Amino acid sequence: MDLLTINDQPGRYPGSYYAANAQANEAEARPAAKGDLRCDVCVVGGGFTGLSSALHLAQRGYDVILLEAQRVGFGASGRNGGQVGQGQRVEQDELEDMVGHDRAQALWQIARQSVDLVRDLSKSDLVHADFHPGIIHADHRARYVKHSHDYVKHLQDKYGYTNIRALDREELRSLVNSPAYHGGSIFEDAGHIDPLQYVLGLGRMAEAAGVRIFERSRVTSLQETSPAVVSTDAARVTADHVVLGCNGYLGKLNGHVAARVMPINNYVVATEPLGPDRQEELIRNNHAVADSKFVVNYFRFSDDHRLLFGGTESYRYKFPDDIAGAVRIPMLEIFPQLSDVRIDHAWGGTLGITMNRMPHFERLRGNILSLSGFSGHGVAMASLAGQIAAEAIAGQAERFDLMASVPTPRFPGGAALRSPLLVLAMLWYSFRDKL
């Protein structure tokens, strides 16, 4: 099984709304790496983590080569729901139990910085994507509302975070015109963005800073020496440092990371344009929404007023034949008034998850860093991960060491058994969501 090719054509973006809107497949492809090459840092992966690493390293004066197996933004970075979530993937009270209050406080500050970074990068003339503020957390069970409201107070009282407020059922219904939710909260300084336009912009920014980007340059081996040697079918790159930003597409490049980061598929649809009035009837103020299900439903509107709805799950790595039909089911559970609406685009993508849902940062050797496992929270955290990787290579490793100090358990049975265990887990959580 090859996740880079099992669902996609080599060298082509998926049939997503984002790719069609950006005319990405028609964009000029970058060359493949060939021959013997030398650099200070070789970055593997052309998504948020890799491009942010390359950009921030180049801005520090490093000579950087980036190798992307397909096209820049081909993977999860260019396919996701575009939600720029506040906080870590794990809520702060759970983090406090996991790592203690002081480290949880520091991790909260890092998460705040990740959203600020996306907002700042989106302002570049080279990034053709606007940051839209506001993410609503919507509880699909009445019994969850108390916890959501307690968590709002916890963030306000213990973290001094004032850009959040609780929503009762009536106010949530006024913001999200769905009968499915009972209350929740709103993070007013989180937001959403077109992820493919954003990641393509990061590529342009990196090249403008001097990064050499090679596409269709799949890494086949990594020699963990000093200097390291990164090989493709046609090139051999010698580098003082290596950054692995592969996330769900790591494959067999490093078994230690693969035992802790599992690829999983998720699916998104884009409706026909609904117009500004109908958009406002469904979701007021152009906020994004994510709900409380374990298999999360997440949705927002595009700049041309299409509902972008993500959710559902599958238990194999081959995408289902009818993605639109599968995602339409939860979409109509949330918005039954959309039964007459046409779906224009439907696509899947592969992300990387961890057992504890926290990112996996690790120094594999003194000169080789791996940053992955963002567990559906990667637009912000993967962008910041690249900045953190650049700091660590430059000798400022405080933020990297903090993230790496969060333990990442191995999946039971490691990489060999993680997939069948995933099937059992997703069946259980899907059943629990329905209870």
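A. Seen up close, the overall build of the chain. When its secondary structure is counted, the chain shows 13 helices and 17 strands. Taken along the three principal axes of its C-alpha coordinates, the chain extends 60 × 50 × 45 Å. Within the span of the chain, comprising 435 residues, buried residues form 59% of the whole. Sequence separation of 24 or more characterises 76% of the internal contacts of the chain that already satisfy a separation of 6 or more. Put simply, the chain shows about 17,000 Å² of open surface, and 49% of that area lies on carbon and sulfur atoms. Of the charged side chains in the chain, 44 are positive and 50 negative, and the gap between their average positions amounts to 5 Å.

B. Spatial organisation of the pairing of strand β1 (residues 35-44). Relative to strand β10 (residues 235-244), β1 runs parallel, the two sharing nine bridges. Note on β10: the bridge partner recorded for Val43 is Val243. For the handedness criterion, the β-α-β arrangement of β1, helix α2 (residues 48-59) and strand β2 (residues 64-67) is classed as right-handed.

C. Up close: the packing of helix α3 (residues 92-99) against helix α4 (residues 101-121). Contact geometry for α3 and α4: axes closest at 7 Å, N-to-C directions at 135 degrees. When the axis of α3 is compared with that of α4, the two are oblique. In the crossing of α3 with α4, the sense of the turn from one axis to the other is right-handed. Between α3 and α4, the residues in contact are Gln92, Leu95, Glu96 and Val99 and His101, Arg103, Ala104, Gln105, Leu107 and Trp108, respectively. Looking at side-chain class alone, the contact of α3 with α4 contains five nonpolar, three polar and two charged residues.

D. Structural view of unusual backbone geometry. Omega for the peptide link from Ser226 to Pro227 comes to 0 degrees, which places this bond in the cis form. Among the structural elements, Pro227 can be located in the loop between β8 (219-223) and β9 (228-232). Of note, Gln23 is a non-glycine position whose phi angle comes to about 50 degrees, a positive value. Of note, Gln23 is situated in the loop between α1 (17-22) and β1. The class for Gln23 is exposed, based on a relative accessible area of 53%. The phi dihedral of Asn286 falls on the positive side, at around 55 degrees, and the residue is not glycine. Examined against the element boundaries, Asn286 turns out to sit in the loop between α9 (275-282) and β12 (288-291).

E. Inspection of the packing of α2 against helix α7 (residues 195-208) at higher detail. The N-to-C vectors of α2 and α7 enclose an angle of 30 degrees; their axes lie 9 Å apart at closest approach. By the angle class used here, α2 and α7 are roughly parallel. Note on packing geometry: the crossing formed by α2 with α7 is left-handed. Mapping the contact onto sequence places Phe48, Leu51 and Leu55 in α2 and Pro195, Tyr198, Val199, Leu202, Gly203, Met205 and Ala206 in α7. Here the residues of the contact of α2 with α7 sort into nine nonpolar, one polar and no charged.

F. Up close: α7. Taking 1.5 Å per residue as the helical rise, α7 with its 14 residues ought to reach 20 Å, and the 20 Å between its terminal C-alpha atoms agrees with that figure. Across the 14 residues that make up α7, a large majority, eleven, are buried. Among the residues making up α7, those that are buried are Pro195, Leu196, Gln197, Tyr198, Val199, Leu200, Gly201, Leu202, Gly203, Met205 and Ala206. Residues of α7 that are buried make contact with α1, α2, α4, β7 (212-214), β13 (298-301) and α11 (378-393). Here α7 starts with a cap whose side-chain oxygen sits 3.1 Å from the backbone nitrogen of Leu196, and that cap is Asp194. Gly210, located one to two residues past α7, shows a positive phi value of around 110 degrees.

G. Structural detail: the packing of aromatic side chains. Applying the stated criterion across every chain, the model contains twelve aromatic pairs. Between Phe48 and Tyr198, the aromatic rings sit 5.4 Å apart at their centres with planes inclined by 45 degrees, giving tilted as the arrangement. Of this pair, Phe48 sits in helix α2 while Tyr198 sits in helix α7, and the two are 150 residues apart along the sequence. Neither Phe48 nor Tyr198 differs from the other in exposure class; each is buried. Aromatic pair Tyr267 and Phe319: ring centres 5.6 Å apart, planes at 85 degrees, arrangement edge-to-face. Within this pair, whereas Tyr267 is found in strand β11 (residues 262-271), its partner Phe319 is found in the loop between β14 (307-311) and α10 (323-334), the two being separated by 52 residues in sequence. The pair Tyr267 / Phe319 is uniform in exposure class, with both members buried. Counting every residue linked through ring pairs, the aromatic cluster contains Trp108, Tyr159, Tyr161 and Phe187. Positioned above the aromatic ring of Phe74 is the side chain of Arg79, whose terminal nitrogen or guanidinium carbon lies 4.7 Å from the ring centre. Looking at Arg119, its charged tip hangs above the ring of Phe131, at a distance of 4.8 Å from the centre.

H. Representation of the environment of Arg410. Relative to the elements of secondary structure, Arg410 occurs in the loop between α12 (398-404) and α13 (414-434). Under the relative-accessibility criterion, Arg410 is labelled partly exposed at 45%. Placed eleven residues apart in sequence, Arg410 and Arg399 show a C-alpha to C-alpha distance of 23 Å. Residue contacts for Arg410: discarding those within four places in its chain leaves Ala259, Arg260 and Met355.

Cut-offs used in this document
- Residues numbered from 1 in each chain as written.
- Predicted model: local features only at pLDDT ≥ 70, side-chain atom pairs only at ≥ 80, totals over all residues.
- Heavy atoms only, no water.
- Helix = DSSP H or I, 4+ residues; strand = E, 2+ residues; numbered from the N terminus.
- Buried < 20%, exposed > 50% of the residue type's maximum accessible area, 1.4 Å probe, protein only.
- Contact = heavy atoms within 4.5 Å.
- Areas by Shrake-Rupley, 256 points an atom, 1.4 Å probe, with all protein chains shown as cover.
- Lys, Arg positive; Asp, Glu negative; His and termini not counted.
- Charge placed at Lys NZ, Arg CZ, Asp CG, Glu CD.
- Pairing = 2+ DSSP bridges.
- Right-handed = clockwise from strand over helix to strand, strands pointing away.
- Axes fitted to C-alpha atoms, helices over the stretch in contact; angles between N-to-C directions.
- Parallel < 35°, antiparallel > 145°, perpendicular 65-115°, else oblique.
- Left-handed = near helix turned anticlockwise from the far one by under 90°.
- Nonpolar A, V, L, I, M, F, W, Y, C, P; charged D, E, K, R; others polar.
- Expected span 1.5 Å × (residues − 1).
- Polar contact = N/O pair within 3.5 Å; in protein donor to acceptor, adjacent residues only side chain to side chain.
- Phe/Tyr/Trp six-rings, centres within 6.5 Å; stacked < 30°, edge-to-face > 60°.
- Lys NZ or Arg CZ within 6 Å of the ring centre and 35° of its normal.

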